[in-house]
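# Architecture and fold: a report
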Amino acid sequence: MEKAITISGLAFSNIKRKPFRTFALILISALSAGVLFATLILASSLEQGIKGFQNRLGADLMIVPQGNENKFENVLLTGEPNYFYMNRSIEDLVRGVQGVSQVSSQFYLTSLNESCCDFSIQIIGFDPQTDFIIQNWAGKKIEKNKDDELLLTGSNVTLSHNQVTFFGQTHKVTARLAKSNTGMDNAIYTDLKTLQKIFEASKEKGFGFISDGDTSNKTSTIFVKLAKGASADGTSLRIKNAVGDGIEVVQGDKFLSSLEEKISGFLIFPKLLSVFTLLISSITLALVFSLIANERKREYSILRVLGADSSALSKLILFEAAGIGAIGALSGIFVAALIVLPFNFVISEKIALPLSLESPVKIILLALISLVIIVFSSLLAAAFSAVKISKQKVIFK
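Residues numbered from 1 in each chain as written. Predicted model: local features only at pLDDT ≥ 70, side-chain atom pairs only at ≥ 80, totals over all residues. Heavy atoms only, no water.

For the rest of this paragraph, the subject is the overall build of the protein. Of regular secondary structure, the protein possesses 12 helices and 12 strands. Intrachain contacts of the protein at a sequence separation of at least 6 include 78% that bridge at least 24 residues. Accessible surface, the protein: about 19,700 Å² in total, of which carbon and sulfur atoms supply 60%. (Helix = DSSP H or I, 4+ residues; strand = E, 2+ residues; numbered from the N terminus. Contact = heavy atoms within 4.5 Å. Areas by Shrake-Rupley, 256 points an atom, 1.4 Å probe, with all protein chains shown as cover.)

This is how it looks when you write it as structure tokens:
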């Protein structure tokens, strides 16, 4: 029994008949799909990263030593280990400023690579009595362990039996913080007493940190929560007047606005690249399908004689376009996923922006959106040729 000839079968045969041309068209579609999918993932993930960072910041003002704003930003956004210090007495001065409700400081200690992690660790010391930021991330009440230590870890820090080891000393982890997809996930947080203990132990064993360990007289960052109704600008000015030179006051709202502007600026290039590749892909497909239509006039005439109507001929070329677009889109999306998804931490570190990957459901949805856009653009590119073929008269030469 002979197999019936179908439009989809003919389209598939035509795609296979010219493998080199088909491969080139699929490659163009794949490139367009890959760039589009990667851009959608980056844009969505950066938006999520901003939300996670905003939820974790918890302070209206941040005070850092003058000239260290960029270092402070890198600690928060990418977890890049840094250290900078100012006199701890500044914390008491800030506490007495009008408009200030709560004040808490953090001390940054930077280690070399240790057994807990594959990267240098930022160890952050804080005062549990004044802290209004870090302990809230734990999502539960936290207490010191049996060794009188308070030690919290970010979600990216590798644990062994709920412990971390520094310079031969094992420390029990009090709590693991929920993932925020910011640099905060790469740090270890301890009370100042435990931090000093770790520092002293390293000195005894001949190791050293690439930063200071004077937690009694120095601090790195002072976080401020404003009183109800207090102005950020006015309070910042009063803090500067009270403390004098040598500090910089970073406002939380302005910091977030600057971050959003930075993300918008970063996304301009991938968005333009997506539009450019999509445009080039559509134009190329349109030209190729136009050439195909002229090249296969005799074939289409034969199909007309065999009973194919105008609609069938239009469907034939549209099926070919959809097939090439779909195969190319799926290939491009797959390759882009292999690059973007496993290396999101590295990408976040390189662009110095918080990158929070979407849920698997959202990623699949973005992949489907990319697939639909590429297939639709392929159909649109072939539409002129499909109309031209449908109006073609029977010709034999």
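Right, let's get into the sheet that holds strand β3 (residues 100–110). Strands in a sheet are paired, the pairing made by backbone hydrogen bonds, and the direction either parallel or antiparallel. Read across the open sheet, the eight strands follow the order β8-β5-β9-β4-β3-β11-β1-β12; overall the sheet is mixed. Where the open sheet ends on each side, the last strands, each with one partner, are β8 (175–176) and β12 (247–251). Bridge count for strand β1 (residues 61–65) against β12 is five bridges, and the pairing is antiparallel. Paired with P65 across the strands is I247, a residue of β12. (Pairing = 2+ DSSP bridges.)

Here we take up the nonpolar core. Counting residues in each nonpolar core, the largest one holds 39 residues, and the members touching the most others are F53, F72, I134, L152, Y189 and F223. Those elements that place two or more of their residues in this core are α2 (19–57), β1, α3 (69–77), β4 (122–126), α5 (134–137), β9 (187–191) and α8 (252–295). Not counting residues within four places of it along the chain, the set of residues in contact with F223 comprises A59, L61, M62, F72, Q102, V103, S104, Q106, Y108, F132 and I133. (Core = buried A, V, L, I, M, F, W, Y, C linked by side-chain atoms within 4.5 Å. Buried < 20%, exposed > 50% of the residue type's maximum accessible area, 1.4 Å probe, protein only.)

Once that is clear, we can look at the packing of aromatic side chains. For the coordinates displayed, the defined rule picks out four aromatic pairs. Following the ring pairs from residue to residue traces out a cluster consisting of Y83, Y85 and F107. (Phe/Tyr/Trp six-rings, centres within 6.5 Å; stacked < 30°, edge-to-face > 60°.)

Helix length check: helix α7 (residues 232–243) (12 residues) gives 16 Å between terminal C-alpha atoms against 16 Å at 1.5 Å per residue, within 8%. For α7, every residue scored as buried is listed here: T235, S236, I239 and V243. All buried residues of α7 fall inside an arc of 105° around its axis, so they share one side. Seen from the open side of α7, the exposed residues pointing more than 90 degrees away from its buried face are L237 and N241. Those residues of α7 hidden inside the fold are in contact with β1, α4 (89–95), β3, β11 (221–226) and β12. Sitting at the head of α7, S231 places a side-chain oxygen 3.3 Å from the backbone nitrogen of D233. (Expected span 1.5 Å × (residues − 1). Arc of directions from axis to C-beta. Polar contact = N/O pair within 3.5 Å; in protein donor to acceptor, adjacent residues only side chain to side chain.)

It is worth spelling out the confidence of the model for the protein at this point. In this model, the protein carries a mean pLDDT of 79, and residues with pLDDT of at least 70 account for 79%. Highest mean pLDDT in the protein belongs to β11 (94); lowest belongs to helix α9 (residues 297–305) (56). (pLDDT = per-residue confidence, 0-100.)

When you line up the elements, S104 lands in strand β3. S104 sits in the buried class, given a relative accessible area of 4%. Here the side chain of S104 touches T130 through a polar contact of 3.1 Å, side chain to side chain. Only 3.5 Å separates the side chain of S104 from the backbone nitrogen of D131, close enough to count as a polar contact. Filtering out sequence-adjacent residues up to four positions away, S104 remains in contact with E91, D127, T130, D131, F132, T221, I222 and F223.

A surface patch of nonpolar side chains, about 400 Å² in accessible area, is lined by F269, L273, F276 and I280. When you line up the elements, I280 lands in helix α8. (Patch = residues over 30% accessible without salt bridge, like charges linked within 9 Å, V, L, I, M, F, W, Y side chains within 5 Å. Salt bridge = Lys/Arg side-chain N within 4 Å of Asp/Glu carboxyl O.)

Along the chain, E91 turns up in helix α4. Residue class for E91 comes out buried when judged on its relative accessible area of 6%. Residues contacting E91, with those up to four places away along its chain left out, are V103, S104, S105, T130 and I222.

With five of five residues buried, β4 lies mostly within the body of the structure. Judged from the five bridges that link them, β3 and β4 form a sheet pairing that is antiparallel. Paired with L109 across the two strands is I123, which belongs to β4. Where β4 lies against β9, five bridges are found, and the strand directions are parallel. Each residue of the ladder has a partner; that of G125, found in β9, is T190.

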